[in-house]
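# Close look at the chain arrangement
Listed below are the residues making up each chain.
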Amino acid sequence: MAYKKLSEQLQELDNPQRSDAFVKAFREAVRKGEIEATYVPERFTLPKEFSRRGAEGTYQRDSREMVFEVTPAFEKWFDQTNAELTATARSRGGQPKATAENIEAGLVDFRALAEETRKKMQASFEKGQALGKSRSQGGGGKKSSGSRGRVKGK
């Protein structure tokens, strides 16, 4: 049987920025028994570049090295996982934000956004009307007459 390091397998990913998600999925598969692997006393640097909020520049993370058995089942798992990671990266970043610049450039469908906004506003309006009607009809509360049970006139 052929053995391979996890760090070597990461080089074959279509999108290196998804290497952290791949390592997480790989460890999950090992935990479930889908892949035979073991830790070795080495570390490697993930190819993904991370960025901190509010700070400039990027950094990289290290991970524990693993050695695994390359089998046809692993090859099938890798191909499927690699395709899923590539697809989710595309679908998540596929829709640009609704900004004036993106609308003017035609990157965002203005008519669809307007329709969605109209529906949200109508739903909010109807919710407010229903709330107002329920409050006006439910007048079963006590009305005070001004006195609090004291006897006057003594």
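Below, the structure is looked at part by part. The shown structure was predicted, so the numbers you read here are calculated from the model rather than taken from an experiment.

Cut-offs and rules
Residues numbered from 1 in each chain as written. Predicted model: local features only at pLDDT ≥ 70, side-chain atom pairs only at ≥ 80, totals over all residues. Heavy atoms only, no water. Helix = DSSP H or I, 4+ residues; strand = E, 2+ residues; numbered from the N terminus. Expected span 1.5 Å × (residues − 1). Buried < 20%, exposed > 50% of the residue type's maximum accessible area, 1.4 Å probe, protein only. Arc of directions from axis to C-beta. Pairing = 2+ DSSP bridges. Axes fitted to C-alpha atoms, helices over the stretch in contact; angles between N-to-C directions. Contact = heavy atoms within 4.5 Å. Core = buried A, V, L, I, M, F, W, Y, C linked by side-chain atoms within 4.5 Å. Polar contact = N/O pair within 3.5 Å; in protein donor to acceptor, adjacent residues only side chain to side chain. Salt bridge = Lys/Arg side-chain N within 4 Å of Asp/Glu carboxyl O. Phe/Tyr/Trp six-rings, centres within 6.5 Å; stacked < 30°, edge-to-face > 60°.

## Some points on helix α2 (residues 19–32)
Since one α-helical turn is 3.6 residues long, residues separated by three or four positions face the same way. With 14 residues, α2 ought to run about 20 Å at 1.5 Å a step, and its terminal C-alpha atoms sit 20 Å apart, in line with that. By the burial criterion, the buried members of α2 are Ser19, Phe22, Val23, Phe26, Ala29 and Val30. One side of α2 carries all its buried residues, which in axial view fall inside an arc of 125 degrees. Away from the buried face of α2 by more than 90 degrees, exposed residues Lys24, Arg31 and Lys32 are located. After α2 finishes, the residue Gly33 shows a positive phi value of roughly 90 degrees.

## Looking at the sheet that holds strand β2 (residues 37–45)
Ordered by their spatial adjacency, three strands build an open sheet running β1-β5-β2, and the pairing between neighbours is antiparallel. A single partner strand is all that each edge strand has here, and the edge strands are β1 (2–5) and β2. Here the average twist between neighbouring strands, direction ignored, is 30 degrees. Note: β2 against strand β5 (residues 62–70), six bridges, orientation antiparallel. Its bridge partner lying in β5, Ala37 is registered against Phe68. On top of the sheet, α2 reaches β2 and β5; it is set at about 50 degrees to β5, its chief contact.

## Things to note about the pairing of β5
When β1 meets β5, the two strands line up antiparallel, connected through four bridges. Each bridged residue has a counterpart across the sheet, and for Tyr3 the counterpart in β5 is Glu69.

## Some thoughts on the nonpolar core
Most often, soluble globular proteins keep nonpolar side chains buried together rather than apart. Grouped together as the largest cluster of nonpolar side chains are 17 residues, with contacts concentrated most on Leu6, Leu10, Phe22, Phe26, Ile35, Phe74 and Trp77. Among the elements that take part in this core, α2 stands out by supplying five residues, more than any other. Aside from chain neighbours lying at most four places away, what touches Leu6 is Phe22, Val23, Phe26, Phe44, Glu65, Met66 and Phe68.

## Examining helix α5 (residues 110–137)
A rise of 1.5 Å per residue sets the reference length of α5, with its 28 residues, at 40 Å; its end C-alpha atoms lie 41 Å apart and thus fit the reference within 8%. N-capping of α5 is provided by Asp109, with a side-chain oxygen placed 3.4 Å from the backbone N of Arg111.

## Quick notes on the pattern of salt bridges
Using the criterion set out here, one finds seven salt bridges in the structure. Among the salt bridges present, the one from Lys4 reaches Glu12, with a minimum N-O distance of 2.4 Å. Counted as one network, the salt bridges with shared partners bring together Glu28, Arg31 and Lys32.

## Observations concerning the side chain of Ser63
Secondary-structure assignment places Ser63 in strand β5. Here the side chain of Ser63 touches Arg27 through a polar contact of 2.7 Å, side chain to side chain. When near neighbours in sequence (up to four residues on either side) are disregarded, Ser63 contacts Val23, Arg27, Glu42, Arg43, Phe44 and Leu46.

## Here we look at the packing of aromatic side chains
All told, the structure shown has nine aromatic pairs when counted by the stated rule. For the ring pair Phe26 and Phe68, a centre distance of 5.3 Å and an interplane angle of 65 degrees mean the geometry is edge-to-face. Taken together, the residues Phe26 in helix α2 and Phe68 in strand β5 connect sequence positions 42 residues apart. The class of Phe26 is buried, set by a relative accessible area of 0%. The buried category is assigned to Phe68, whose relative accessible area is 1%.

## Points about the environment of Glu8
Along the chain, Glu8 turns up in helix α1 (residues 6–10). Exposure remark for Glu8: the relative accessible area of 41% places this residue in the partly exposed category. In sequence terms Glu8 and Val67 are 59 residues apart; their C-alpha atoms lie 9.7 Å from each other.

By themselves, these observations are geometric and do not establish any function.
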